[in-house]
Amino acid sequence: RIMVHPGAALSLQSHMHRSEHWIVVEGSARVTVDDMVKLVTENESVYIPLGATHRLENPGKVPLNLIEVQSGPYLGEDDIIRYEDVYARVTAA
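All values derive from a computational prediction rather than experimental measurement.

How each quantity is defined
Residues numbered from 1 in each chain as written. Predicted model: local features only at pLDDT ≥ 70, side-chain atom pairs only at ≥ 80, totals over all residues. Heavy atoms only, no water. Helix = DSSP H or I, 4+ residues; strand = E, 2+ residues; numbered from the N terminus. Contact = heavy atoms within 4.5 Å. Buried < 20%, exposed > 50% of the residue type's maximum accessible area, 1.4 Å probe, protein only. Polar contact = N/O pair within 3.5 Å; in protein donor to acceptor, adjacent residues only side chain to side chain. Pairing = 2+ DSSP bridges. Axes fitted to C-alpha atoms, helices over the stretch in contact; angles between N-to-C directions. Core = buried A, V, L, I, M, F, W, Y, C linked by side-chain atoms within 4.5 Å. Salt bridge = Lys/Arg side-chain N within 4 Å of Asp/Glu carboxyl O.

Q: Teacher, can you tell me more about the side chain of Ser-19 here?
A: Mapping Ser-19 onto the fold places it in strand E3 (residues 19–26). When near neighbours in sequence (up to four residues on either side) are disregarded, Ser-19 contacts Tyr-47, Ile-48, Pro-49, Leu-50, Val-69, Gln-70 and Ser-71.

Written as C-alpha cells, this is what we have:
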C-alpha cells in the first residue's frame, strides 16, 4: 500500500527485474509511463512494464492511496534506478 500526499510525487524511476501494477483505492494519480501521462482515479489501474520509466504524482487535494503489485524474478528495493527525485536519492547509472 502506498500513500502520496496532495501535491507530492515519487521519483522518476525504472526497474530491471520487475513490473508493477498500481490500483488506485482513494484519490487520483497522475501516472507517467515512458512518454505517456494519464490520470488514474479510484477503482482504476495502470500497468508499468518491466524497464519502463515511470512516476506517480498526486495532483489532487486529498491523499492518494493505492495498492502496488510487483511481479518478476527479483523484487528487492535495490532494483530501483532513479532519474529524478525530490528526496535526493538519485541513483541512475
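Q: Where do I start with the environment of Glu-84 in this structure?
A: Of note, Glu-84 is situated in strand E9 (residues 81–84). By relative accessible area, Glu-84 is classed as partly exposed at 44%. Along the sequence, Glu-84 and Gln-13 sit 71 residues apart, while their C-alpha atoms lie 7.3 Å from each other. A polar contact of 2.5 Å, which involves the side chain of Glu-84, links it to the side chain of Arg-55.

Q: Can you walk me through the sheet that holds strand E6 (residues 45–48) in this structure?
A: Pairing between sheet strands relies on hydrogen bonds along the backbone, with the strands arranged either parallel or antiparallel. In space, the four strands of this open sheet follow the order E1-E8-E3-E6, with antiparallel pairing throughout. Each edge of the open sheet is held by one strand with a lone partner, namely strand E1 (2–4) and E6. If you compare each strand with its neighbour and ignore which way they point, the axes differ by 25 degrees on average.

Q: How should the nonpolar core be read in this particular structure?
A: Soluble globular proteins tend to pack their nonpolar side chains together in the buried interior. By size, the foremost hydrophobic cluster in this structure holds 13 residues, and its most contacted members are Trp-22, Ala-29, Val-31, Val-46, Ile-48, Leu-56 and Leu-64. Within the residue set of this core, elements represented by two or more residues are E3, strand E4 (28–33), E6 and strand E8 (64–71). The leading source of residues in this core is E4, at three residues. For Val-31, the contacting residues outside a window of four places in its chain are Trp-22, Met-36, Val-37, Lys-38, Val-40, Val-46, Ile-48, Arg-55 and Leu-56.

Q: What am I meant to see in unusual backbone geometry here?
A: Phi is mostly negative for residues that are not glycine, and the peptide bonds are mostly trans. Even without a glycine there, the phi angle at Asp-34 is positive, about 55 degrees. Here Asp-34 lies in the loop between E4 and strand E5 (36–41). When its relative accessible area of 46% is taken as the criterion, Asp-34 is described as partly exposed. One non-glycine residue, Asn-43, lies in the positive phi region at around 70 degrees. Within the fold, Asn-43 resides in the loop between E5 and E6. Classification of Asn-43 by relative accessible area gives exposed; the value is 73%.

Q: Where do I start with the pattern of salt bridges in this structure?
A: Oppositely charged side chains can pair when the atoms bearing their charge come close. All told, the structure shown has three salt bridges when counted by the stated rule. Between Arg-18 and Glu-20 there is a salt bridge; the shortest N-O distance is 3.2 Å. The buried category is assigned to Arg-18, whose relative accessible area is 2%. By relative accessible area, Glu-20 is classed as buried at 2%.

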